[in-house]
Amino acid sequence: MTTIEKTQQYVLNTYGRFPLTVVRGEGTRVWDEGDRGYLDFCSGIATCSLGHCHPALTTAISKQAGTLMHCSNLYHIEPQADLAELIVEKVVKQPGKIFFSNSGAEANDGLIKLARRFGLESGRYEVITFNKSFHGRTIGAMSATAQPKIHEGFDPLLPGFRYLEPNNLDAVKAALTDKTVAFLLEPIQGEGGVHAMTREFLEGLSTLAGEKNLLLLLDEVQCGFGRSGDLNGYDTIAPGLVPDAISWAKGMGGGFPIGAFWVAEKHAALLGPGSHGSTYGGNALACAASKAVIETIISEDLPGNAKAREVQIRETIARWNHPAITEVRGHGLLIGIGLKLEALKIPEGKIPSIHLCSELLEKGLLVPPAGPDTVRLLPPLNVTNQEIDQALKLVREALDTHLA
Ligand SMILES: Cc1ncc(COP(=O)(O)O)c(C=O)c1O
């Protein structure tokens, strides 16, 4: 049986998969079973921040695997404490504490639990989230996600969420009730089509949170750790913003599964002993891997590279003046190319973005869609100028051959 056949027979069919089996990777490239190479501008959906098999990451994992892989959170774990220090001191740069999880959805569940504890005494529990958001697939994170297609068939959802239009502060002000306790949002929405929040909106929410004693919770699972062109996505949009808590996953592990959330010092006591936990959360191997990734992101100024490559992408696409592109959205290397559907000839029954991504795969470029009319570019943060040129050339060819 081929890998594709085995997957179909034995793996639960929850993913729409492209017909490709990836067997190895190096830098920005991956190879299939037939040893054909592909440029990887998907990076495990914004996860392989350093590309594939970066020596700093593989060395850290090998070394830690031979020292201590796992013990329990009943004991103190050196790589966990070191990673927490690194994130608090060098990434958030605000006093606070970290909880380690294994994924982004779990990190967001932690933020929801924090909000519930924060509102406990005043009887408040309602968290405001925003249309087209994506916060994960656990029942909590899924209920926070304001996308009907994610909820379909899973009622009753976790109660206590209110979904509003993003970038509309007046709508938020009008929706506050005596039950509202927090705002939860992605500074740059990823899965929902690459939509960035505005500076006015983030700062307005922060002011409102201060005035009304609400929590400002930021989901940086996709846009954090350098992807936006700064260490924090919110730094790119609203420098100086001070959230109450932040969730991460994806890029912080460079491909090793890990998630986390930070809680500002003033709220840290809300989650005390026995209130939250995870067997694997803060595992020694995962923390050693993440520490190597974050140290490399900082020492090699990969946010700086993300910014420079964003400029290159925007300038190149602007020069094309392409009839099938509406706009380029996002920040850093979380980029969405908006498609003008009327200008494209797409076979009937096919979703335009997925059809184009399939064509690009055939041409040797991996890119993920983001909704029906957006193709995302999520290369590793150390992608080179030449690799961007190669990928954009393929994108242009694919668009040109599909012009109506
Ligand atoms: C912004 C955001 N939050 C949460 C998640 C869920 O993360 P995970 O798949 O690690 O649970 C994702 C995943 O795409 C995401 O993009």
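Look up: the structure comes first, before these words.
All values derive from a computational prediction rather than experimental measurement.

The secondary structure content of the protein amounts to 14 helices and 16 strands. Radius of gyration (C-alpha) of the protein: 21 Å, near the 22 Å computed for a compact globule of 404 residues. Principal axes of the C-alpha set define a box for the protein whose edges measure 60 × 55 × 45 Å. Looking at the 404 residues of the protein, the share that counts as buried comes to 53%. A separation of at least 24 residues holds for 70% of the contacts in the protein among residues at least 6 apart in sequence. Carbon and sulfur atoms form 53% of the exposed surface of the protein, whose accessible area is close to 18100 Å².

Another point: the site of the ligand. Around the ligand sit 13 residues in total, of which Gly 104, Ala 105, Asp 219, Gln 222 and Lys 250 are the nearest. One nitrogen or oxygen atom from the main chain of Ala 105 is found 2.8 Å from an oxygen atom belonging to the ligand. A distance of 3.2 Å separates a nitrogen atom of the ligand from a polar atom in the backbone of Phe 134. Protein chains shield 82% of the accessible area of the ligand, which is 390 Å² for the free molecule. Among the elements that take part in the shell around the ligand, helix α5 (residues 104-119) stands out by supplying three residues, more than any other. Partitioned by chemical class, the residues of the shell around the ligand number three nonpolar, six polar and four charged.

Turning our attention to the pattern of salt bridges. Counting across every chain of the model gives 12 salt bridges. Among the ionic pairs, Glu 265 bridges to Lys 97, the shortest N-O distance being 2.8 Å. A residue pair is termed long-range when its members are at least 10 positions apart, and Glu 265 in the loop between β12 (259-264) and α11 (284-299) and Lys 97 in strand β4 (residues 96-101) qualify at 168 residues. Note on Glu 265: relative accessible area 37%, which makes it partly exposed. A residue is classified by how much of its surface remains accessible, and Lys 97, at 46% relative accessible area, is partly exposed. A network of salt bridges, in which partner residues are shared, links Lys 363, Lys 393 and Glu 397.

Here we take up the sheet that holds strand β7 (residues 180-185). Where strands meet in a sheet, backbone hydrogen bonds hold them as pairs that are either parallel or antiparallel. Spatial ordering of the open sheet is given by β4-β12-β11-β10-β7-β5-β6, a layout of seven strands whose pairing is mixed. The open sheet terminates on both sides in strands that have one partner only, identified here as β4 and β6 (161-164). Looking at each pair of strands side by side, their axes are set apart by 20° on average, direction ignored. In the sheet, strand β11 (residues 245-248) pairs with β12 via four bridges, with the strands oriented antiparallel.

Here the focus is the side chain of Ser 247. Position of Ser 247 relative to the elements: it lies in strand β11. Classification of Ser 247 by relative accessible area gives buried; the value is 0%. Within the local environment of Ser 247, its side chain forms a polar contact with the side chain of Asn 108, the two groups lying 2.7 Å apart. If we skip the residues at most four places from it in the chain, Ser 247 touches Ala 107, Asn 108, Leu 111, Leu 218, Asp 219, Glu 220, Val 221, Ala 260 and Phe 261.

The rules behind the values
Residues numbered from 1 in each chain as written. Predicted model: local features only at pLDDT ≥ 70, side-chain atom pairs only at ≥ 80, totals over all residues. Heavy atoms only, no water. Helix = DSSP H or I, 4+ residues; strand = E, 2+ residues; numbered from the N terminus. Rg over C-alpha atoms; globule rule 2.2 N^0.38 Å. Buried < 20%, exposed > 50% of the residue type's maximum accessible area, 1.4 Å probe, protein only. Contact = heavy atoms within 4.5 Å. Areas by Shrake-Rupley, 256 points an atom, 1.4 Å probe, with all protein chains shown as cover. Near = heavy atom within 4 Å. Polar contact = N/O pair within 3.5 Å; in protein donor to acceptor, adjacent residues only side chain to side chain. Nonpolar A, V, L, I, M, F, W, Y, C, P; charged D, E, K, R; others polar. Salt bridge = Lys/Arg side-chain N within 4 Å of Asp/Glu carboxyl O. Pairing = 2+ DSSP bridges. Axes fitted to C-alpha atoms, helices over the stretch in contact; angles between N-to-C directions.

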